[in-house]
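A closer look at the structure
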Amino acid sequence: MLDLAKNEAAIADAGDSWNLDPWLLGVENGVVDLRTGRLLEAEPAQGISNSVPVRYDPDAECPRWL
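Just so it is clear, the structure is predicted and the values come from calculations on it, not from any experiment.

A separate point is the pairing of strand β2 (residues 30-33). Examined bridge by bridge, strand β1 (residues 24-27) and β2 share 4 bridges and lie antiparallel to one another. Its bridge partner lying in β2, V27 is registered against G30. Pairing analysis gives 3 bridges linking β2 to strand β3 (residues 38-40), with the strands arranged antiparallel. Opposite D33, over in β3, you have R38 as the bridge partner. In this antiparallel pair of consecutive strands, β2 and β3, the connection spans 4 residues, and G37 shows a positive phi of 80°.

Criteria and cut-off values
Starting from 1, residues in each chain are numbered consecutively following that chain's sequence as written. Residues qualify for local features only when their pLDDT is at least 70, as the model is predicted, and side-chain atom pairs are given and counted only at 80 or more; totals for whole chains, interfaces and linings, by contrast, use all residues. Side-chain measures were taken over the full set of non-hydrogen atoms in the model, leaving aside hydrogen atoms and water. Here, strands pair whenever DSSP counts at least two bridges between them. Segments assigned H or I by DSSP are reported as helices when at least four residues long, segments assigned E as strands when at least two residues long, and all are numbered from the N terminus.

Printed below as a string of structure tokens:
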């Protein structure tokens, strides 16, 4: 099965185009640009495989951190 998948153009991917921008982080409701703190719409072309199981909330409070 793996040998067949390597040659199937629709799913074959060497992985060299994933996570090209280390400042983008996938979240449940999009992609956060860690440089600006802005939430972006997730798009396959971003090649993001790094993600966290959290919804981004720009109004979240962080009293312990502060």
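And the narrative resumes.
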